[in-house]
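Architecture at a glance
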Amino acid sequence: MSAGQNLRTIENALSRAVPVEVPGLRKYGPYVSPFAYLERQISAPAKGGFPLRLREPRHDKVTDDIKKAVERSGLENGMTISFHHHLRNGDAVIPKILQALAEMGFRDLALAPSSLPDSHDMVADCMRSGLVSRLFSSGARGEVGRAISAGELDVPVILRSHGGRVRAIEQGDIQIDVAFLAAPACDRYGNMTGSAGRSACGSLGYAQVDARHARHVIAVTDNLEDYPLHPRISIPQYLVDQVLVVDSIGDPSKIATGAARISRNPVDLRIARNAFDLIAASGLLTNGCSFQVGAGGASLAVAACVKDYMAEKKIRGSFGLGGMSGYMIEMLEQGYFEAMLDVQSFDRSVTDSMTRNASHIEIDASCYANPFNRGCVAHNLDIVVLAALDIDLDFNIDVQTGHDGVLRGAIGGHPDTAAGAKLAVVAAPSFRGGVPTIKESVTTVCTPGETVDAFVTERGICINPKREDLLECARNARLPVKDIRALRTEVEKLTGVPDAPEFDRNRIVALVEYRDGTLLDSVYRVK
Amino acid sequence: MLFKKAQAGTLESSDCMVVVSPAETCILEYSGQNETIFKRRTERIVREIAERYAPGASVQIQDRGALEVTLRARIETAFERASKEDLKEDPAGEPK
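Report follows, based on the coordinates. Note that this is a predicted model, so its numbers are computed, not measured. (Residues numbered from 1 in each chain as written. Chains lettered and ligands numbered in written order. Predicted model: local features only at pLDDT ≥ 70, side-chain atom pairs only at ≥ 80, totals over all residues. Heavy atoms only, no water.)

1. Examining the overall build of chain A
Heads up, the rule is: In this text, helices come from DSSP runs of H or I with a minimum length of four residues, and strands from runs of E with a minimum of two, each type numbered from the N-terminal end. Between the two quantities, the radius of gyration covers C-alpha atoms and the globule rule is 2.2 Å times the number of residues to the power 0.38. Think of it in three bands: with a 1.4 Å probe and only protein chains considered, a residue is buried below 20% of the maximum accessible area for its type, exposed above 50%, and partly exposed in between. In this description, contact between two residues means that some pair of their heavy atoms is separated by no more than 4.5 Å.
Each helix and strand counted, chain A has 16 helices and 28 strands in total. Over its C-alpha trace chain A gives a radius of gyration of 22 Å, about what one expects of a compact globule, namely 24 Å for 527 residues. If one aligns the C-alpha atoms of chain A with their principal axes, the spans along those axes are about 70 × 60 × 45 Å. For chain A, the residues scored as buried account for 62% of the 527 residues in total. Long-range contacts, defined as pairs at least 24 residues apart, comprise 72% of the intrachain contacts of chain A with a sequence gap of at least 6.

2. Looking at the nonpolar core
Residues and elements named next belong to chain A. Heads up, the condition is: What is meant by a nonpolar core is a set of buried Ala, Val, Leu, Ile, Met, Phe, Trp, Tyr and Cys residues, joined one to another through side-chain atoms within 4.5 Å.
Counting 125 residues, the largest nonpolar core has I81, L101 and I148 as the members making the most contacts within it. What L101 contacts, discounting residues up to four positions off in sequence, is V70, L75, I81, F106, L109 and L131. Listed in part, the 45 residues of the second largest apolar core include A272, V293, M324 and M328.

3. Examining the pairing of strand β13 (residues 242-245) of chain A
All names here are of chain A. Applied cut-off: Being paired, for any two strands, means DSSP has found at least two bridges between them.
Taken together, the two bridges between strand β3 (residues 62-63) and β13 define a ladder with parallel strand orientation. Within the sheet, the bridge partner assigned to T63 lies in β13 and is L244. Pairing analysis gives four bridges linking strand β11 (residues 216-221) to β13, with the strands arranged parallel. Bridge pairing links V220 to L244 in β13.

4. Some details on the pattern of salt bridges
Two side chains that carry opposite charge are able to pair once their charged atoms sit near each other. Selection criterion: Salt bridge, as applied in this entry: a Lys or Arg side-chain nitrogen positioned within 4 Å of an Asp or Glu carboxyl oxygen.
The full count for this structure, using the stated rule, is 46 salt bridges over all chains. Residues D118 of chain A and R141 of chain A are paired through a salt bridge, measuring 2.8 Å at the closest nitrogen-oxygen approach. Placement of D118 of chain A in the loop between β5 (109-111) and α3 (122-129) and of R141 of chain A in the loop between β6 (132-137) and α4 (142-149) is noted, with a sequence separation of 23 residues between them. Two residues, R74 of chain B and D15 of chain B, come together in a salt bridge whose shortest N-O distance is 2.8 Å. In this pair, R74 of chain B is assigned in helix α2 (residues 68-82) and D15 of chain B in the loop between β1 (6-9) and β2 (16-22), connecting sequence segments 59 residues apart. The partly exposed category is assigned to R74 of chain B, whose relative accessible area is 22%. We classify D15 of chain B as buried; its relative accessible area is 6%. Counted as one network, the salt bridges with shared partners bring together R26, R160, R167, D173 and E513 of chain A.

5. Remarks on the interface of chain B and chain A
Test applied: When two parts are put together, the accessible area they lose, computed with a 1.4 Å probe and summed over both, is reported as buried area. Polar contact criterion, stated in full: a pair of N or O atoms within 3.5 Å, where within protein one must be able to donate a hydrogen and the other to accept it, and residues adjacent in sequence count only if both atoms are side-chain atoms. Residues are sorted three ways: Asp, Glu, Lys and Arg are charged, Ala, Val, Leu, Ile, Met, Phe, Trp, Tyr, Cys and Pro are nonpolar, and all the rest, Gly among them, are polar.
Every contact between the two is made by 11 residues of chain B and, on the other side, 12 residues of chain A. Considering only the side of chain B, the residues that lose the most area to chain A are I37, F38 and L67 of chain B, jointly responsible for 55% of the buried surface there. There are one salt bridge connecting chain B and chain A. Here chain B and chain A share seven residue pairs in polar contact (both at pLDDT 80 or more) between them. Here the residues of the side of chain B that touches chain A are counted per class, giving five nonpolar, three polar and three charged.

6. Concerning helix α1 (residues 39-53) of chain B
Stated precisely, the cut-off is as follows: Take the number of residues in a helix, subtract one, and multiply by 1.5 Å to get its expected span.
Its 15 residues give α1 of chain B an end-to-end C-alpha distance of 21 Å, which sits within 8% of 21 Å, the value for a rise of 1.5 Å per residue. Packing partners of the buried residues in α1 of chain B comprise α16 (484-495) of chain A together with β3 (26-32), β4 (57-63) and α2 of chain B.

7. Observations regarding the packing of aromatic side chains
Residue and element names in this part refer to chain A. Counted only if it meets this: Working definition: rings of Phe, Tyr and Trp (its six-membered ring) pair if their centres are within 6.5 Å, and the pair is stacked with planes under 30 degrees apart, edge-to-face with planes over 60 apart, and tilted otherwise.
A complete count under the given rule lists eight aromatic pairs over all chains for this structure. With a centroid separation of 5.1 Å and an interplanar angle of 75°, the aromatic rings of Y31 and Y514 are classed as edge-to-face. Taken together, the residues Y31 in the loop between β2 (17-19) and β3 and Y514 in the loop between β27 (503-513) and β28 (519-526) connect sequence positions 483 residues apart. With respect to burial, Y31 and Y514 carry one shared label: buried. Both rings, one in F83 and one in F180, keep their centres 5.6 Å apart while their planes meet at 20°; by these two values the pair is stacked. Here the residue F83 occupies a position in the loop between β4 (80-82) and α2 (93-103), and F180 occupies one in strand β8 (residues 178-183), the gap between them amounting to 97 residues.

8. Side note on the sheet that holds strand β20 (residues 397-398) of chain A
Residue and element names in this part refer to chain A. Spatially, three strands are ordered β20-β19-β24 in an open sheet, and the strand pairing comes out mixed. The open sheet has two free edges, formed respectively by β20 and β24 (438-439), since each of these has just one partner strand. Looking at chain direction, strand β19 (residues 390-392) and β20 are connected through two bridges and run antiparallel. Bridge pairing links D390 to D398 in β20.

This is the structure we're talking about:
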């Protein structure tokens, strides 16, 4: 019997069955509550620090031979390799390296990227061929998601938030043997940055973590610049073992997609307006406030409302956080915020801003969201506006499984910022493609409902009953507040009631780890 | 009683295309992105409407994410057109 089948499970605090141990991985505790970890005692130092090296002065790090670089890294079957996903759907490094590893006859590798872009269907082939036997990621989409949901990997895939991944690395759950880090600009000693070069992608916040903790670090670049790289260095040379020069690390048109525009969809705009009204009613938009918002759907429209309000009331915020869009940089340049803290840049207009704006600051994923360090920025956040695929009556959020039960999303910083922010607003249409967004119970819990303060749709605002203070603010501001059960009934009158997808409950194909390393939920094979 | 094949609806998103034709028994072909989660709902609605028109009918639905009210209206219209005796072919001015 292969791993993942008939595992002994226990019910966690959200009544989700989760395994107590995963063969080949580790023992697990069930999720208890967002900050239950504060009761724990941890005295062990962080694991996975970079190894010491003894190297002669001026030794040569550069090669253009992928296979030689791999040989020198000491990579063996069964080891763990990592990549970052800053090149988004334009990334060519993951396929290029996996292809070379397949040709070299490697097997049984653990793939531990910071996330997988939409475009990497070839990873599914690597899973089927046996090159990749374990996957640790923030998400799984497209063919990769379908392959996992069909049960093509024996060992359950571990899905983590961005903060949770850093915690896992520093606690030794992920031990990266070789990190292949795409470097849009790099010098011959491995100083690199993402904010220059034809494949520029902006922040290298996720890669910085891998560079610090991997046993062997290979910078992969198509843009070897004169030593020393200047004016910016995101990852310094002392962390980099080799510099691998390739023709291309990606397709610039897909790496730096045009600036995200504010939606014109009237439903999105209504959602944004409702979300903004709630944010304004909360009283948090004052001098020194901090704010995070995504780039899709209604998110940028919320940012636009916030900006107008700040202009009108002459409010200046302290920082914007997160995945950074051009719109946020505009707000920085127009003086609405003191600084932007950027772990990942979303569009072209952001890429060179870090060189231009001293207050556009690159932060690594640990600084962004790691719950087990000495303080992450997500915990300093006032307001975050998040998206969702589905939500349930307990406000639990699913950003990972589609209506058919198949993996198709990514967790990203969702649970990290929801837990850290004073006000976590989830904004989504009340139904999409004829299917209601509010479920009795979500397929996969990615963010626990107790960290979600409100769910905002075009049809009204649902406030988590535990936030009586927020409910009062919203009522006083005469906002369209609705009970989440009432809204669900209202929407189901239009759409009908969908059936839940059918799963093989004896076969766990993926596990959602909460940021503290406990298990939030199990994902099952789709029938 | 159904006399001929008739259709209603479009393949635009949030709509559905319904084709109804005479048959011995009730047959439903339901396809689209929501085919698994809305199979039972759609069967129920088709049976409900079909009962008012004919004991047997072949119904094909391509669902592009239609709301239940839309689905219902399209199915009803298709049945209504299929049950018109006077016209040989369905003349309804649905966009092609």
